[in-house]
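Notes for the structure review
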Amino acid sequence: MKTLRELFIINFFILCLLVSTISNYSLWSFVLKSSLTIILIIFVITLEDVNKIEPRFFQKYIFFISLPLFSLIWSKNISFGLLKMLNIMVSVLPLIWVSERLYRNLTELHVKIFVNNIFILALSISLITLLFHPFEYNTPYIFEITRWSHVIVGRFLSASIIILLLLERYVHNLKRKLFIASMIIIYCGLYFTGFRAGSIFSLLILFLILLKNHTSLRKVPIGILYVVGLILLIIAADYFFFDTTLLERYLKLFSYHPRIQALEISWKLFTENPFEGVGFGGFANTNSLTNLMKYPHNLIAEVLAEFGIIGVFWLIALLSFIFLNNKSETRYYLLLAFLLSMTSKDISTNTMLWIGLGINNNESFSRAKKSIYLSSKKYLLRARSSMDRAFDFGSKG
């Protein structure tokens, strides 16, 4: 019964986290987000051991919303700024709180349930992606059963790859060869979502993990060749066997003019309002491009345009809260979330990054986390990472 309860909460948290990244700011999206968030909070309060919020955590809350809220005073598009603030209140802040609750009460059972659930979901979604390819890239903000968001699915799969490689020891009764095969399928699924940022940044972080955990750098070239070969195989399969435009989409990675133009507009707004920016939501509706693209799809550019120099210090402080003193494996996930924020979503929908305010409470190893890492110490010492084992397997043929 306890396992089913924990399974439900973790599944529902993942669902709410994915839904929170919907960024069309329509009525139905707010209804969906607020409804799911209310249900999640009720279950967390009734099923978990919930203590009062510590002052230090409450201060992070206040600091996070202070500048967006205060900047509405001078916002050049206060109506859209209010919509973004509403999204923070109904979706982002509750999920930060829930993540803090779950992280505070973390047990080995929680980790096992979470990792195995992520594994099943990621593998299932990847197989559906490979079989049916339910994505269409030229009609944004249209969601149907047969038309999935490549950004939401791609973000989930890229995060799943990092989490599974770091916590592979918790995957239940799965042999190494099957795990490697499953990870290849998941990465193929990620590639075929067409989510370019996730495909590239997940590989980048994989190499960081490899360099961090390898004792013998002689195996690094083998690993690089292994991954490059996999990528070439995927591209060849796409080109010769699938009727998609994915290859052209990836080749246009550095020539996507609307995104480049959005960055130029952000810089122009910053230079015109260097100290305070144009206010929360002020980027939207400044010209014909921003009437459709209401945010620059780059966290730093958005902060510069809407909050100015004040926002730079605000963002540095938030990222310090998230990354400093975090000595656990979550730092790789948070790095991925930050890199993804450089290419998609905006301040009020980059919840994947902001939950770091909850899971990083300046206590790198609480008692619960200490028991997990101590109990699995022998695995941490022996099996440096799943990539290490995968490359060993690949080098042996």
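This section reports on the structure supplied with the text. (Residues numbered from 1 in each chain as written. Predicted model: local features only at pLDDT ≥ 70, side-chain atom pairs only at ≥ 80, totals over all residues. Heavy atoms only, no water.)

Notes on helix H13 (residues 299-323)
Here H13 is 25 residues long, yet its end C-alpha atoms lie only 16 Å apart, well below the 36 Å a rise of 1.5 Å per residue gives. The largest bend in H13 amounts to roughly 130° and is located at Phe 307. (Helix = DSSP H or I, 4+ residues; strand = E, 2+ residues; numbered from the N terminus. Expected span 1.5 Å × (residues − 1). Bend = angle between axes of the 7 residues up to and from the residue.)

Comments concerning the packing of helix H5 (residues 108-132) against helix H7 (residues 176-193)
At their nearest, the axes of H5 and H7 sit 8 Å apart, and the two run at 55° to each other. On the basis of their axis angle, the class for H5 and H7 is oblique. For the pair H5 and H7, the sense of crossing is left-handed. Residues Phe 119, Ala 122, Leu 123, Ser 126, Leu 127, Thr 129 and Leu 130 of H5 pack against Phe 179, Ser 182, Ile 185, Ile 186, Cys 188, Gly 189, Phe 192 and Thr 193 of H7. Of the residues in the contact of H5 with H7, the class split is 10 nonpolar, five polar and no charged. (Axes fitted to C-alpha atoms, helices over the stretch in contact; angles between N-to-C directions. Parallel < 35°, antiparallel > 145°, perpendicular 65-115°, else oblique. Left-handed = near helix turned anticlockwise from the far one by under 90°. Contact = heavy atoms within 4.5 Å. Nonpolar A, V, L, I, M, F, W, Y, C, P; charged D, E, K, R; others polar.)

Considering the pattern of salt bridges
Here the structure, examined in full by the defined rule, presents six salt bridges. The salt bridge involving Glu 306 is made with Lys 84; its shortest N-O contact spans 3.5 Å. Of this pair, Glu 306 sits in helix H13 while Lys 84 sits in helix H4 (residues 78-104); the two residues are 222 residues apart in sequence, bridging distant segments of the chain. Lys 84 matches Glu 306 in its accessibility class, with the two residues each being buried. The partner of Glu 272 in a salt bridge is Lys 268, with the nearest N and O atoms 2.6 Å apart. Placement of the pair is Glu 272 and Lys 268 together in helix H11 (residues 257-272), with a separation of four residues, close to one helical turn. (Salt bridge = Lys/Arg side-chain N within 4 Å of Asp/Glu carboxyl O. Buried < 20%, exposed > 50% of the residue type's maximum accessible area, 1.4 Å probe, protein only.)

Topic: the side chain of Lys 33
If you trace the backbone, Lys 33 turns up in helix H2 (residues 27-47). Despite its burial, Lys 33 remains without a salt bridge, the nearest opposite charge being carried by Asp 346 at 7.7 Å. Within the local environment of Lys 33, its side chain forms a polar contact with the backbone oxygen of Ile 22, the two atoms lying 2.5 Å apart. (Lys, Arg positive; Asp, Glu negative; His and termini not counted. Polar contact = N/O pair within 3.5 Å; in protein donor to acceptor, adjacent residues only side chain to side chain.)

Brief notes about the environment of Tyr 103
As for its position among the elements, Tyr 103 is in helix H4. When the C-alpha atoms of Tyr 103 and Ile 359 are compared, they prove to be 5.6 Å apart, with 256 residues separating the residues in sequence.

A closer look at the nonpolar core
In this structure, Phe 64, Leu 164, Trp 314 and Trp 354 are the most contacted members of the largest nonpolar core, which totals 89 residues. Top element by residues in this core is helix H6 (residues 150-166). It accounts for 12 residues. Counting residues in each nonpolar core, the second largest holds seven residues, with Ile 265, Val 278, Phe 283 and Ala 305 among its members. (Core = buried A, V, L, I, M, F, W, Y, C linked by side-chain atoms within 4.5 Å.)

Some remarks on the environment of Thr 46
Relative to the helices and strands, Thr 46 resides in helix H2. A distance of 2.8 Å separates a polar side-chain atom of Thr 46 from the backbone oxygen of Ile 42. Side-chain polar atoms of Thr 46 contact the backbone oxygen of Phe 43, separated by 3.2 Å.

Overview of unusual backbone geometry
Despite not being glycine, Tyr 25 shows a phi value in the positive range, around 55°. As for its position among the elements, Tyr 25 is in the loop between helix H1 (2-19) and H2. Positive phi outside glycine occurs at His 297, with the angle close to 60°. Position of His 297 among the secondary structure elements: in the loop between helix H12 (288-292) and H13. By relative accessible area, which is 11% here, His 297 ends up buried.

Structural notes on a nonpolar patch on the surface
Taken together, the side chains of Phe 275, Ile 309, Val 312, Phe 313 and Ile 316 present a nonpolar region at the surface, about 490 Å² in accessible area. Residue position: Phe 313 is located in helix H13. Overall, Phe 313 belongs to the exposed group, its relative accessible area being 59%. (Patch = residues over 30% accessible without salt bridge, like charges linked within 9 Å, V, L, I, M, F, W, Y side chains within 5 Å. Areas by Shrake-Rupley, 256 points an atom, 1.4 Å probe, with all protein chains shown as cover.)

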